[in-house]
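Here's the letter readout for the chains.
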Amino acid sequence: MAATRPNSSAAARQRLYINIDHVATIRQARRTDEPDPLEAALVCERAGADGITAHLREDRRHIQDDDVERIAGAVTTLLNLEMGCTDEMVATALRLKPYQVTLVPERREEVTTEGGLDVVREAKRLAPALAKMRDAGIRTSLFIAPDDAAVRQSRELGVDAIELHTGAYSHAPKSPATLAALRTASTLGASLGLAVHAGHGLTIRNVAPVAAIPEIEELNIGHSIISRAVFVGLDAAVREMRAAMDAARASR
Ligand code: PXP
């Protein structure tokens, strides 16, 4: 049985999930025990995050197995586990039973998740993994480009949600085409009954037009919030992003 949605109404407050990977990136730079991504997750929750996102990468460059274990056991909001579609990661998800799994493409040499999943070509590989997670009651989401075929194929795969890759928009926020693609894919996804999420490269300066897209229920934001936290602290950085999202929603 699929997990129930926290809010399915487009009018509801847009959820902010904070990706705390880069707290672990700083720790891994010295292979020490600080800063602790779990402590960061708890600060984010107190500052108003609706959920915590962590990406356990195959190469363990930032988040480690022990981090996700501890975070899964301690978050008081909801955990969104980002992962590649591998047997090892599916086994981890089935053991930890996060609220939500977002499947992402992973290439070892990439600096970050560079593109969306090729859901059309990879449908046969994704389907059994998604079925296992659905059977375990885990909400499922696919990180895809804002592209008609990818949205439709995601619906065919029976996922609860799609997360639209906002990277093209973030690199060219002034280009009407990149925002239009997000709007069109959001409308299509919602019309097909999918929950629509979005993320990648969003910052306090570029978030407003994406936050204002009515069908987008949830944003996943990491790097810019952790970067801003260096100067103003994590609590303030989360609150600033929350305020920017709320202002964009209010002025629609
Ligand atoms: N969503 C997904 C699926 C991601 O892979 C990432 C990056 O880890 C993000 C959102 C957050 O992107 P950023 O760190 O650029 O805010």
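The shown structure was predicted, so the numbers you read here are calculated from the model rather than taken from an experiment.

Q: What is the right way to read the side chain of His55 from this model?
A: Here His55 lies in strand β2 (residues 51–55). With relative accessibility at 2%, the residue His55 sits in the buried group. A polar contact is formed between the side chain of His55 and the side chain of Glu82, at a distance of 3.1 Å.

Q: Where do I start with the packing of helix α10 (residues 223–232) against helix α11 (residues 234–250) in this structure?
A: In helix packing, the relevant descriptors are the interaxial angle and the interaxial distance, both defined with respect to the helix axes. The interhelical angle for the contact between α10 and α11, taken along N-to-C directions, is 130°, at an axis separation of 7 Å. One finds that α10 runs oblique with respect to α11. Seen from above, α10 lies across α11 with right-handed handedness. Contact with α10, carried on its side by Ser224, Ile225, Ile226, Arg228, Ala229 and Val232, involves Leu234, Ala236, Ala237, Val238, Glu240 and Met241 of α11 and no other residues of that element. For the contact of α10 with α11, the residue count by class is 9 nonpolar, 1 polar and 2 charged.

Q: Just checking my understanding: could you explain α10 for this structure?
A: Residue pairs spaced three or four apart in an α-helix point in one direction, given the helix's 3.6 residues per turn. Listed as buried for α10 are Ser224, Ile225, Ile226 and Ala229. Contact partners of the buried residues in α10: β1 (15–19), α1 (21–30), β8 (216–221) and α11.

Q: Would you mind going over a nonpolar patch on the surface with me for this structure?
A: Nonpolar side chains collect at one region of the surface, where Val230, Phe231 and Val232 lie side by side and expose about 330 Å² of accessible area between them. Tracing the chain through its elements places Val230 in helix α10. Classification of Val230 by relative accessible area gives exposed; the value is 60%.

Q: What am I meant to see in helix α3 (residues 65–74) here?
A: All of the buried residues in α3 are Asp67, Val68 and Ile71. Summarising the axial view, the buried residues of α3 lie within an arc of 90°, below the 170-degree limit, and thus occupy one face. For α3, the secondary structure elements touched by its buried residues are α1, α2 (37–46), β2, β3 (79–83) and α4 (87–96).

Q: What am I meant to see in the sheet that holds β8 here?
A: Each strand in a sheet pairs with its neighbour through backbone hydrogen bonds, running either in the same direction (parallel) or in the opposite one (antiparallel). Pairing within the closed barrel is parallel, and its 8 strands lie in the order β1-β2-β3-β4-β5-β6-β7-β8. Strand-to-strand twist of the sheet, defined as the mean angle between neighbouring strand axes without regard to direction, takes the value 25°. As paired strands, β1 and β2 are joined by 3 bridges and run parallel to one another. Among the inter-strand pairings, Asn19 is bridged to a residue of β2, identified as Thr53.

Criteria and thresholds
- Residues numbered from 1 in each chain as written.
- Predicted model: local features only at pLDDT ≥ 70, side-chain atom pairs only at ≥ 80, totals over all residues.
- Heavy atoms only, no water.
- Helix = DSSP H or I, 4+ residues; strand = E, 2+ residues; numbered from the N terminus.
- Buried < 20%, exposed > 50% of the residue type's maximum accessible area, 1.4 Å probe, protein only.
- Polar contact = N/O pair within 3.5 Å; in protein donor to acceptor, adjacent residues only side chain to side chain.
- Axes fitted to C-alpha atoms, helices over the stretch in contact; angles between N-to-C directions.
- Parallel < 35°, antiparallel > 145°, perpendicular 65-115°, else oblique.
- Left-handed = near helix turned anticlockwise from the far one by under 90°.
- Contact = heavy atoms within 4.5 Å.
- Nonpolar A, V, L, I, M, F, W, Y, C, P; charged D, E, K, R; others polar.
- Patch = residues over 30% accessible without salt bridge, like charges linked within 9 Å, V, L, I, M, F, W, Y side chains within 5 Å.
- Areas by Shrake-Rupley, 256 points an atom, 1.4 Å probe, with all protein chains shown as cover.
- Salt bridge = Lys/Arg side-chain N within 4 Å of Asp/Glu carboxyl O.
- Arc of directions from axis to C-beta.
- Pairing = 2+ DSSP bridges.

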